[in-house]
Amino acid sequence: MRPLPNDRVYNFSAGPAMLPDPVMLQIREEFLNFSGLGASIIEISHRSKEFDGVVEQAIALFRELTGLPENYHVLFVHGGGRMQFSSVPMNLLGGAKKKALYVETDTFSSEAINDAAAYGEVKVIASGKKDGFSKLPAVTRDLVDQDAAYLHITTNNTTSGTAWRNFPGADVRGDVPLVGDSTSEILSRVVDYSNFGVVFAGLQKNLGPSVTALVIIRKDLCGKAQKITPPLLNYATLAEKNSMLNTPSTFNIYVAKLVMEWIKKEGGLAEIERRNNAKIKTVYDVIDASKFYTGVVQPAHRSHMNATFRLPSEELTAKFLKEANQQSLYALMGYRTIGGIRASMYNAMPLSGAQALASFMKEFERVNG
Ligand SMILES: Cc1ncc(COP(=O)(O)O)c(C=O)c1O
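Residues numbered from 1 in each chain as written. Predicted model: local features only at pLDDT ≥ 70, side-chain atom pairs only at ≥ 80, totals over all residues.

## Regarding the domain arrangement of the chain
Right, on to step 1. What the domain assignment lists for the chain is domain 1 (26-264) and domain 2 (267-368).
Right, on to step 2. For domain 1 and domain 2, the distance between their C-alpha centres works out to 27 Å.
Right, on to step 3. Domain 1 puts 24 residues into the contact, and the matching count from domain 2 is 23 residues.
Right, on to step 4. Of all the elements in the fold, those that place two or more residues in the side of domain 1 that touches domain 2 are α2 (49-66), β6 (156-157), β7 (162-163) and α7 (250-266). (Domains from an automatic or database assignment. Contact = placed C-beta atoms within 7 Å. Helix = DSSP H or I, 4+ residues; strand = E, 2+ residues; numbered from the N terminus.)

Below you can see the structure in the form of structure tokens.
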């Protein structure tokens, strides 16, 4: 069971999302006095050796957990996930190649496409729009123009609830670097990052508070930035200054470090992946056995983080949300353009939360079905 007081709910928010209880407790415990300094982590200089240690450890932990190859930088940047929708094209379209390829898979990929258009030629090579984003479109070799600077995908689609199980590999993308928006799944499963040129993720689902993002970039892709790129968005400049060109969110990086320590203590990414699969299965098993609930996405493309489903009517959906809330099952409302229910179960959600939701769903169906 959970170590926190009973007034904590099972929080299914899509983001910002729940963080691991032990991390929250540790933050509380050392908030006024970090590392015996008699000052808070948010009150000390980002140039202090204590904070420098935090950044170094955070980067080292990410490398250790993911097995990230040495030829990648790990950066912490401002502006959350969305800033990267501009940063990526600014940084990668300044060389000889001026074209960017995108796969449209729901809200956030559409925003990424729109934002990138200001910085170069943007081509959408596949889209799930006509299927209501209920599945991922196929990406085949013939679609990937080899004169493109990169191919952008959203590895987990937060609003619709799809995730790529197999990322486009070198057999499909050729030499075109793959860019992944992993905001809603970073560190949720074992991933071979050597398949990617750039991966970015806002911290607020699996790693910490909002407005900071973690970016990994293959070193040879640095130094191709467009002239207009502000220093604070320039990967090469940020890498040179170890993400401390100006004052970073010291608190956010500190929390990310604590979360990664927690992941390591829990058994690493293989164990986290196993738990995430068990949680999502717990909820989808109820949906699959029911004529009352309907899954939004096709089974082969289901996310391991966000389960999306509908009830037979708007009235029942409203009743479901109200009664769930009364049972401490919080923030289950679907994304505004998708509707229905969305249960986001990021790393910090315990299996008991998924089980509580599954029990509630069965009982709700029994009474209302
Ligand atoms: C997949 C994905 N990309 C990007 C974003 C945007 O992140 P932010 O709000 O940090 O800009 C989100 C936010 O939920 C997201 O889920």
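## Quick word on the nonpolar core
Right, on to step 1. One finds Ala58, Ala100, Val198, Leu214, Val215, Ala256 and Val259 to be the most contacted residues of the largest nonpolar core, which totals 102 residues.
Right, on to step 2. Among the elements that make up this core, the one with the highest residue count is α7 (eight residues).
Right, on to step 3. Counting the residues that make up this core, at least three belong to each of domain 1 (26-264) and domain 2 (267-368).
Right, on to step 4. When residues no more than four places from it in sequence are discounted, the contact partners of Ala100 are Pro89, Leu93, Ala116, Gly120, Val122, Ala148, Ala149, Tyr150 and His152. (Core = buried A, V, L, I, M, F, W, Y, C linked by C-beta atoms within 7 Å. Buried ≥ 20, exposed ≤ 12 C-beta atoms within 10 Å, placed from the backbone.)

## Describing unusual backbone geometry
Right, on to step 1. Omega for the bond connecting Gly15 with Pro16 falls within 30 degrees of zero, at -10°, which places this linkage in the cis form.
Right, on to step 2. Of note, Pro16 is situated in the loop between β1 (10-11) and α1 (21-30).
Right, on to step 3. Phi at Ser35 takes a positive value of approximately 55°, unusual for a residue other than glycine.
Right, on to step 4. Relative to the helices and strands, Ser35 is located in the loop between α1 and α2.

## Looking at the sheet that holds strand β9 (residues 198-202)
Right, on to step 1. Strand order in this open sheet of seven strands is β2-β10-β9-β8-β5-β3-β4, and the pairing throughout is mixed. A single partner strand is all that each edge strand has here, and the edge strands are β2 (72-78) and β4 (121-127). Pairs of neighbouring strands in the sheet enclose a mean axial angle of 20°, with direction left out of account.
Right, on to step 2. Across six bridges, the pairing between strand β3 (residues 99-104) and β4 is parallel. (Pairing = 2+ DSSP bridges. Axes fitted to C-alpha atoms, helices over the stretch in contact; angles between N-to-C directions.)

## Points about the site of the ligand
Right, on to step 1. The environment of the ligand is formed by 13 residues, the closest being Gly80, Gly81, Arg82, Thr158 and Gly202.
Right, on to step 2. When grouped by side-chain class, the residues that make up the shell around the ligand number one nonpolar, ten polar and two charged. (Near = placed C-beta within 6 Å. Nonpolar A, V, L, I, M, F, W, Y, C, P; charged D, E, K, R; others polar.)

## Some details on the sheet that holds strand β12 (residues 306-310)
Right, on to step 1. Within the open sheet, the three strands sit side by side as β11-β12-β14. Their pairing is antiparallel. The open sheet has two free edges, formed respectively by β11 (294-295) and β14 (341-344), since each of these has just one partner strand.
Right, on to step 2. Bridge count between β12 and β14: four bridges; the pairing is antiparallel. Note that in β14 the partner of Phe309 across the bridge is Ile341.

## Re helix α9 (residues 314-326)
Right, on to step 1. With 13 residues, α9 extends 19 Å from end C-alpha to end C-alpha; this agrees with the ideal 18 Å at 1.5 Å per step.
Right, on to step 2. Directly beyond the C-terminal end of α9, a positive phi value near 65° is found at Ser328. (Expected span 1.5 Å × (residues − 1).)

## Description of helix α10 (residues 351-368)
Right, on to step 1. For α10, which comprises 18 residues, the first-to-last C-alpha distance of 25 Å matches the rise-based estimate of 26 Å (1.5 Å per residue) to within 8%.
Right, on to step 2. Where α10 is concerned, the buried positions are Gly353, Ala354, Leu357, Phe360, Met361 and Phe364. All buried residues of α10 lie within an arc of 125° about the axis, which places them on one face of the element. For α10, the exposed residues set more than 90 degrees away from the buried face come down to Glu363 and Arg366.
Right, on to step 3. In this fold, the buried residues of α10 make contact with β1, α8 (268-288), α9, β13 (329-330) and β14. (Arc of directions from axis to C-beta.)

## Some points on the packing of α2 against α7
Right, on to step 1. Remark: α2 packs on α7, axes separated minimally by 9 Å, with the N-to-C direction vectors making an angle of 40°. Compared by their axis directions, α2 and α7 come out oblique. Where α2 crosses over α7, the two elements pack in a sense that is left-handed. Note on element contacts: α7 touches α2 through Thr250, Ile253, Tyr254, Ala256, Lys257, Met260, Glu261, Ile263 and Lys264, opposite Phe51, Val54, Val55, Gln57, Ala58, Leu61, Phe62 and Leu65.
Right, on to step 2. Here the residues of the contact of α2 with α7 sort into twelve nonpolar, two polar and three charged. (Parallel < 35°, antiparallel > 145°, perpendicular 65-115°, else oblique. Left-handed = near helix turned anticlockwise from the far one by under 90°.)

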